[in-house]
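The residues making up each chain are set out below.
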Amino acid sequence: MLSIGILQVAAQPVQVGLYQDHLVRAAVVYCSAGSYQLVTDGTVVSRLVPGDILYLTFEEGQVKLLDAYRDFGYVSHLELQAVSLDAVFRVRPIDPELESRKYDDDLVVKAEDRYMNLINQVDIDKYLAGVVESEAGSNAEPEFYKAQSILCRTFALKNLDRHLNEGFSLCDGTHCQSYKGKNDLNPGILEAVQETTGKIVADFNFKLIDAAYHSNSGGQTQRASDVWLRDVAYLQSVVDPYSLHQGNAKWSDTISFNDWKAYLIANGMKSVSKLPEEIIYVEQMRRKKYFILDKDSIRMTKIREDWGFRSSFFDMFPEGDSILVWGKGYGHGIGMSQEGAMKMARDGFSDQDILHFYFHEIRLMDFRDLPASSLPQAKFKF
Ligand SMILES: [Zn+2]
């Protein structure tokens, strides 16, 4: 087993588990650019150039491996190791059938008990460029991408040990950060990531922050303690005019008056039937932590979750037998509003201005200047 200390991460690749919401049992792998050597159970068996294809099938605890001409038999571990810096491969899972995706750098495949573990071993900045494109789209300003890159890097480094038991560091789903393959649509994203290389956000105690972000704050961000039940000094509520008038600034819904009443009673608000009707509606000029009725309360975030609303920042108005719900923002509302940050970048603010606007009392610094105790001591099994 090889242990890799975190301080080497900038020079080391990060291991990302692919298609982790599924158990992949068969896949086709294409060499899309550059060249690769194919290594099975520690031995180089072939070289791949663009157009070459590998067929992988999981059978009884092993991976059956074929290319267009040869049958390599059964292996338990294979790697596509990039021999050139521009190497790109593409994976198309066949069982189950899933979206085909392109990735930079290396592919590692390990036979597990019931499926093949597909792992992308990739330069951390290339990985971050893929994450930023997945999480923020491809049409924003460079300063926004820089701010988003710094947050995504902070999140990745803070969570490097999340999946170590599964043989990689981070998964490609929303559990970690969404990563749908390489940055492909806008080369400016990789440039922004590389311009900020090594940069992270730390708190005043030199700890990596919880790098929270969401789509749109609705005009005011949410204090973390209103959602997470613990106070976080750098995640306070900020009045955010930049998020107004953006794509996800508003939403609306209609619910039944009787369903709402039944919901309140089911959640312990016994006095609902005795109270005047006008007070059982929600009103939030500013974000509230609780909806309070008489002596009872329900957290706004619980109402959002139970009703599937886009945010917990909404008002309610009666309309006949129904209730109109007018909401603001999209997402949990904590930390950086992506649409607000995009507007700030369009207005000429820098990545630093954006991060200092959404986070209180933070330090923007290089992670290599953090004390070792502030970083997870990641160990990889390869
Ligand atoms: Zn994960």
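Residue numbers here run from 1 along each chain, matching the order of that chain's written sequence. Totals for whole chains, interfaces and linings use every residue, but because this is a predicted model, local features are given only for residues with pLDDT of at least 70 and side-chain atom pairs only at 80 or more, for both listing and counting. Water and hydrogen atoms play no part in the side-chain values, which are based on all heavy atoms of the structure.

### A look at the sheet that holds strand S5 (residues 53-59)
In a beta sheet, neighbouring strands pair by backbone hydrogen bonds and run either parallel or antiparallel. Applicable threshold: Strands are labelled as partners when DSSP assigns at least two bridges between them. Helix and strand definitions here come from DSSP, where helices need a minimum of 4 consecutive H or I residues and strands a minimum of 2 consecutive E residues; each element is numbered from the N-terminal end. Axes here refer to lines fitted to C-alpha atoms; in helices the fit is confined to the stretch in contact. Angles between the N-to-C directions go from 0 to 180 degrees.
The antiparallel open sheet is built from six strands, whose spatial order is S7-S6-S5-S2-S9-S10. At either end of the open sheet lies a strand with only one pairing partner, and these are strand S7 (71-75) and strand S10 (101-104). Taken pair by pair, the neighbouring strands of this sheet meet at an average axis angle of 25 degrees, ignoring direction. When S5 meets strand S6 (residues 62-67), the two strands line up antiparallel, connected through six bridges. The partner of Leu54 across the bridge, within S6, is Asp67.

### Quick word on the packing of aromatic side chains
Defined as follows: Stacked, edge-to-face and tilted are the three classes for Phe, Tyr and Trp ring pairs, Trp counted by its six-membered ring, which pair at centre distances within 6.5 Å; planes under 30 degrees apart are stacked, over 60 edge-to-face, the rest tilted. A 1.4 Å probe rolled over the protein chains alone gives each residue an accessible area, and that area as a share of the maximum for its type sets the label: buried under 20%, exposed over 50%, partly exposed in between. For a lysine, the NZ atom is tested; for an arginine, the CZ atom; a charge sits over a ring if that atom is within 6 Å of the ring centre and within 35 degrees of the ring normal.
Considering all chains together, one arrives at 17 aromatic pairs under this definition. Residues Tyr127 and Tyr179 carry aromatic rings whose centres are separated by 4.9 Å and whose planes lie at 65 degrees to one another, so their mutual orientation is edge-to-face. Pair noted here: Tyr127 is in helix H1 (residues 124-136) and Tyr179 is in the loop between strand S13 (170-171) and helix H3 (187-195), with a separation of 52 residues, a long-range link. The buried category is assigned to Tyr127, whose relative accessible area is 0%. Clustering of aromatic rings is evident, with ring pairs tying together Trp251, Trp260, Tyr263, Phe291, Trp307, Phe309 and Phe314. Of note, Arg363 hangs over the ring of Phe206, and the distance from its end group to the ring centre comes to 4.1 Å.

### Here we look at the environment of Asn248
Condition: Here, residues are in contact when the closest pair of their heavy atoms is within 4.5 Å. Whenever two N or O atoms come within 3.5 Å, that pair is a polar contact, provided that in protein one can donate a hydrogen and the other can accept it, and provided that, for residues adjacent in sequence, both atoms are side-chain atoms.
By the element assignment, Asn248 lies in the loop between helix H4 (225-228) and strand S16 (250-256). Using a relative accessible area of 17% as the deciding quantity, one classes Asn248 as buried. Residues Asn248 and Gly61, spaced 187 residues apart in sequence, show a C-alpha to C-alpha distance of 46 Å. Ignoring sequence-local partners within four residues, the contact set of Asn248 consists of Ser215, Asn216, Arg310, Gly329, Tyr330 and Glu339. One polar contact links Asn248 to Ser215, side chain to side chain, over a distance of 2.9 Å.

### A closer look at the nonpolar core
Convention followed: Throughout this description, the term nonpolar core refers to a set of buried Ala, Val, Leu, Ile, Met, Phe, Trp, Tyr and Cys residues connected via side-chain atoms within 4.5 Å.
Core analysis: the largest hydrophobic core is formed by 86 residues, its most contacted members being Tyr127, Met336 and Phe359. Of all the elements, helix H2 (residues 142-158) adds the most residues to this core, at nine residues. Beyond its immediate chain neighbours, meaning those up to four positions away, Tyr127 contacts Val14, Val16, Val122, Ala156, Leu170, Gln177 and Tyr179. Ranked by size, the runner-up nonpolar core spans 21 residues in total, among them Tyr263, Leu264, Ile323 and Val325.

### Concerning the sheet that holds S16
Across the sheet, which stays open at both edges, the three strands sit in the order S16-S20-S19 with antiparallel pairing between neighbours. Strand pairing shows two members of the sheet lacking a second neighbour, S16 and strand S19 (314-319), which therefore form its edges. For this sheet, the mean angle separating the axes of adjacent strands, direction not counted, is 20 degrees. Here six bridges tie S19 to strand S20 (residues 322-328), and the two strands are oriented antiparallel to one another. Looking at the pairing, Met316 lines up with Val325 of S20. Across the sheet, helix H5 (residues 257-266) is in contact with S16, S19 and S20; its angle to S16 comes to roughly 85 degrees.

### Description of the pairing of strand S1 (residues 13-17)
A regular strand places its side chains so that they alternate between the two faces of the sheet. Most of S1 sits out of view: four of its five residues are buried. Taken together, the five bridges between S1 and strand S12 (residues 116-123) define a ladder with antiparallel strand orientation. When the sheet's bridge partners are listed, Val14 is paired in S12 with Val122.

### Comments concerning helix H6 (residues 300-307)
The cut-off we apply is this: This arc describes the spread of directions from the helix axis toward the C-beta atoms.
Burial in H6 covers these residues: Met300, Thr301 and Ile303. Summarising the axial view, the buried residues of H6 lie within an arc of 160 degrees, below the 170-degree limit, and thus occupy one face. On the buried face of H6, the contacting elements are H4, H5, strand S17 (290-293), strand S18 (296-299) and S19. Just downstream of H6, Gly308 is the residue with a positive phi angle, here 70 degrees.

### Describing the confidence of the model for the protein chain
Applied cut-off: pLDDT gives the predictor's per-residue confidence on a scale running from 0 to 100.
The predicted model of the protein chain averages 93 in pLDDT, with 95% of residues at 70 or higher. Below a pLDDT of 50 lies the segment residues 1-10, which in the model reaches 20 contacts outside its immediate sequence neighbourhood of four places, other chains included.

### Thoughts on the coordination of the zinc ion
We count it as follows: Ligating atoms shown are N, O and S within 2.8 Å of the metal, or 3.2 Å for Na, K and Ca, and water is not included, meaning a site may look less than complete. Just to be clear on the cut-offs, tetrahedral is four donors with all angles between 85 and 135 degrees, square planar is four donors and octahedral six with opposite donors over 155 degrees apart and all others between 65 and 115, and anything else goes down as irregular.
Every protein donor of the zinc ion is accounted for by His163 (NE2), Cys171 (SG), His175 (ND1) and Cys176 (SG), and the metal-donor separations fall at 2.0 to 2.3 Å. Around the zinc ion sit four donor atoms; with metal-centred angles ranging over 100 to 119 degrees, the donor geometry is tetrahedral. Coordination of the zinc ion draws on donor residues from a single chain, spaced H-x7-C-x3-H-C in sequence. Taking the relative accessible area as the measure of exposure, Cys176 reaches 5% and is therefore buried.

### Here's the deal with the state of the cysteines
This is how the line gets drawn: Disulfide assignment relies on a single distance test, namely cysteine sulfur atoms paired within 2.5 Å.
For the structure on display, the rule yields zero disulfides. Sulfur of Cys152: no disulfide; nearest cysteine sulfur belongs to Cys176 and is 12 Å away. Look at Cys152 and you get buried, because its relative accessible area is 0%.

### Let's talk about H5
Within the span of H5, buried status applies to Phe257, Trp260, Tyr263 and Leu264. An end-on view of H5 places all buried positions within 125 degrees of arc, on one side of the element. Residues of H5 that are exposed and point over 90 degrees away from its buried face: Asn258 and Ala266. Elements that come into contact with the buried residues of H5 comprise S16, S17, S18, H6, S19 and S20. Its side-chain oxygen placed 3.3 Å from the backbone nitrogen of Asn258, Ser256 serves as the N-cap of H5. Downstream of H5 by a residue or two, Gly268 has a phi angle that is positive, lying close to 90 degrees.

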